[in-house]
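Residues per chain are reported as follows:
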Amino acid sequence: MADTDHTVSTRRDVLAVTGAGLLVGVAGCTGNGDTPADDGGDGTETGGDGGGDEDADDGGDETGDANGEASLDEPVAFPEDVSCPVCNMVPAEYPPWNAQLAHANGDRAFFDTSGCLAAYTAYTDRFSGPDAELEAAWVTGFETGDLLRASDAYFVRVSNPDHVDDVMMRNPTPFASRGDAKAFVEQFDEYGDEDIITFGDFDQELAMFYRERFIEGDGGMDGDMDMDDG
């Protein structure tokens, strides 16, 4: 039998080291220096306006302005006052799990989990997304807490909420490499290599698997939890 408790505690131990920093204004955007949105600790600056640090810390408007100036090929700070278009939770409050994307027209969307990202990419119209191509997306790595480009990540199609200590109970769980994803899969009898997927596999079937209640329109947190339990 797999050691489920070990998997969950390992996740907590890894994120405990970086969790305090991630909960600051750039929640989810801190990492090992490879996320351009984080310029060094003030929690809101993504580009550099010179002496604008104090103003940026005063509210969400300055953060929004800085994010708007960022390249669409880069992740940005998670705004503290923006809700997930799928579940209505606030992504900035969930740095160990959150995700984001940019549309070609400049619009961005922020998600508390990769499962909500999956629902949005498959049913963009359902969640009031623009009629514009997806430019890029980023997810938070399960083991590291760093933002990963979704197109470079590998995901495990987690089906049992007991296998991860997850805010939405279960999600397509992101890893930086296929080897890392495979190591996770090998801990559980329920999964095999077919459960290791890529961002290109995010389709309507996967979206319905994780967020059916929200997609069907009678969601809310309670509805999604009921779906996840069964």
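Before reading further, recall that the structure is shown in the block above.
What you see is a predicted model; the values in this text were computed from it and never measured.

Asks: I would appreciate a short explanation of the sheet that holds strand 5 (residues 154-157) in the present structure.
Replies: Remark on secondary structure: sheet strands pair via backbone hydrogen bonds, oriented parallel or antiparallel. Pairing is antiparallel in the open sheet, where 3 strands are placed in the order 6-5-7. Each having just a single partner strand, strand 6 (172-175) and strand 7 (196-197) make up the two edges of the open sheet. The pairing of strand 5 with strand 6 spans 4 bridges and is antiparallel. Among the inter-strand pairings, valine 156 is bridged to a residue of strand 6, identified as threonine 173. In the packing of helix 6 (residues 204-216) onto the sheet, the strands contacted are strand 5, strand 6 and strand 7, and the crossing angle to strand 5 comes to about 55 degrees.

Asks: Just checking my understanding: could you explain the pairing of strand 3 (residues 134-140) for this structure?
Replies: Side-chain direction in a regular strand flips from residue to residue, so the side chains alternate between the two faces of the sheet. Among the 7 residues that make up strand 3, 5 are buried, leaving the element largely enclosed by the rest of the structure. Pairing of strand 1 (residues 99-103) with strand 3 involves 5 bridges; the strand directions are antiparallel. Within the sheet, the bridge partner assigned to glutamine 100 lies in strand 3 and is tryptophan 138. Where strand 3 lies against strand 4 (residues 147-149), 3 bridges are found, and the strand directions are antiparallel. For threonine 140, the partnering residue across the bridge sits in strand 4 and is leucine 147. Hairpin geometry of strand 3 and strand 4 is characterised by an intervening segment of 6 residues between the two adjacent antiparallel strands and by a positive phi of about 80 degrees at glycine 145.

Asks: So what exactly am I meant to see when it comes to helix 4 (residues 114-122) here?
Replies: Because an α-helix packs 3.6 residues into every turn, residues spaced three or four apart end up facing the same way. Among the 9 residues that make up helix 4, 8 are buried, leaving the element largely enclosed by the rest of the structure. Buried residues of helix 4: Ser114, Gly115, Cys116, Leu117, Ala118, Ala119, Tyr120 and Ala122, and no others. Against the buried residues of helix 4 lie strand 1, strand 2 (108-111), strand 3, strand 6 and helix 6.

Asks: So what exactly am I meant to see when it comes to the packing of aromatic side chains here?
Replies: For any two aromatic rings, the description comes down to two numbers: the centre-to-centre distance and the angle of the planes. Under the defined criterion, the tally for this structure stands at 12 aromatic pairs. Measuring from ring centre to ring centre gives 5.4 Å for phenylalanine 175 and phenylalanine 184, while their planes differ by 45 degrees; the resulting arrangement is tilted. Classification of phenylalanine 175 by relative accessible area gives buried; the value is 1%. Classification of phenylalanine 184 as buried rests on a relative accessible area of 2%. Centroid distance phenylalanine 199 to phenylalanine 202: 5.0 Å. Interplanar angle 65 degrees. Geometry classified as edge-to-face. Side by side, phenylalanine 199 and phenylalanine 202 carry an identical accessibility label, which is buried. The residue whose ring lies beneath arginine 157 is phenylalanine 209, and the NZ or CZ to ring-centre distance is 3.6 Å. It is arginine 170 that lies over the ring of phenylalanine 209; its NZ or CZ is 4.3 Å from the centre.

About the criteria used
- Residues numbered from 1 in each chain as written.
- Predicted model: local features only at pLDDT ≥ 70, side-chain atom pairs only at ≥ 80, totals over all residues.
- Heavy atoms only, no water.
- Pairing = 2+ DSSP bridges.
- Helix = DSSP H or I, 4+ residues; strand = E, 2+ residues; numbered from the N terminus.
- Contact = heavy atoms within 4.5 Å.
- Axes fitted to C-alpha atoms, helices over the stretch in contact; angles between N-to-C directions.
- Buried < 20%, exposed > 50% of the residue type's maximum accessible area, 1.4 Å probe, protein only.
- Phe/Tyr/Trp six-rings, centres within 6.5 Å; stacked < 30°, edge-to-face > 60°.
- Lys NZ or Arg CZ within 6 Å of the ring centre and 35° of its normal.

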